[in-house]
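# Reading the structure
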Amino acid sequence: MKKAMLLAVALGSVMQNAGAEEFSVRMGGEKIIYIETSKQDEFDRRDYDQYMRERGYDYESHYRANRKLRERVRNLELAVRQLQDTVYDLQNAEPTLPPVSQTQYSCILKTHKGTFTGIGLTQLEATGKAAQQCESKIDAFWCDIDKVKCDAN
């Protein structure tokens, strides 16, 4: 009995999805746009009769309501098109690098064995270059990084 019920439910869901349409646009293997719609009868006589009983048979009011709905659909389609264009542009945009600062830093490390300098785009880079120059000339023990003094140029 349980198997028969599961089979009936499975067949019902398959039959329900049988009329479904699928539309997708892929770029580079990834879905950019995915739309799934179901095919249903556009005109259901029972719904129409109920609507007409509630609203009446006034052609002018139906015409105005239909015109408003068509305008809303047109505006929504335009908005969707603009969003799709924006998504496409964002996905295909070249990555931009932040602007490189023109400020350079100069650092000086004074020891009893000499003075060592470093120049870099960041203070950390300039400090590292001064310490590296010091360590290449004398023992690293004398190159105390805390004694480095830096200025921005």
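Here, every reference points to the structure presented above.
Residues numbered from 1 in each chain as written. Predicted model: local features only at pLDDT ≥ 70, side-chain atom pairs only at ≥ 80, totals over all residues. Heavy atoms only, no water.

## As for the packing of aromatic side chains
Here is the rule: Put simply, two rings from Phe, Tyr or Trp (the six-membered ring, in Trp's case) pair if the centres are within 6.5 Å, and we call them stacked under 30 degrees between planes, edge-to-face over 60, tilted for the rest. Accessibility here uses a 1.4 Å probe with only protein chains present; expressed as a share of the type maximum, an area under 20% marks a residue as buried, one over 50% as exposed, and anything in between as partly exposed.
Following the criterion strictly, the structure yields 1 aromatic pair and no others. Measuring from centroid to centroid gives 5.1 Å for Phe-141 and Trp-142, while their planes differ by 80°, and the two rings are edge-to-face. Residue classification places Phe-141 among the exposed residues on the basis of a relative accessible area of 63%. Looking at Trp-142, the relative accessible area reads 40%, which means it is partly exposed.

## Re the state of the cysteines
To keep it simple, the criterion reads: By convention in this document, the label disulfide applies to cysteine sulfur atom pairs within 2.5 Å.
In total, this model carries 2 disulfides according to the counting rule given. For Cys-134, the disulfide goes to Cys-143, at an S-S distance of 1.9 Å. Taking the torsion about the S-S bond as the criterion, the Cys-134 to Cys-143 disulfide, at about -85°, is left-handed. A single burial state applies to Cys-134 and to Cys-143, both of which are buried. By sequence-ordered numbering of the bonded cysteines, the protein has its disulfides arranged as 1-4, 2-3.

## Concerning the side chain of Thr-127
Our working definition: By definition, any uninterrupted DSSP run of H or I lasting at least four residues is a helix, any uninterrupted run of E lasting at least two residues is a strand, and each is numbered from the N terminus. Only heavy atoms enter the contact rule, under which two residues are in contact if any of them lie within 4.5 Å.
Within the secondary structure, Thr-127 sits in helix H4 (residues 123–137). The contact partners of Thr-127, leaving out residues within four places of it in the chain, are Cys-107, Ile-145, Val-148 and Cys-150.

## Re H4
How we decide: An expected span of 1.5 Å times one less than the residue number is assigned to each helix. The arc in question is traced by the directions running from the helix axis to the C-beta atoms.
An ideal rise of 1.5 Å per residue puts 21 Å on 15 residues; H4 measures up with 22 Å between its terminal C-alpha atoms. Every buried residue of H4 is listed here: Ala-126, Thr-127, Ala-130, Ala-131 and Cys-134. Down the axis of H4, the sector holding all buried residues measures 130°, keeping them to one side. Turned more than 90 degrees from where H4 packs its buried face, Leu-124, Gln-132 and Ser-136 sit exposed.

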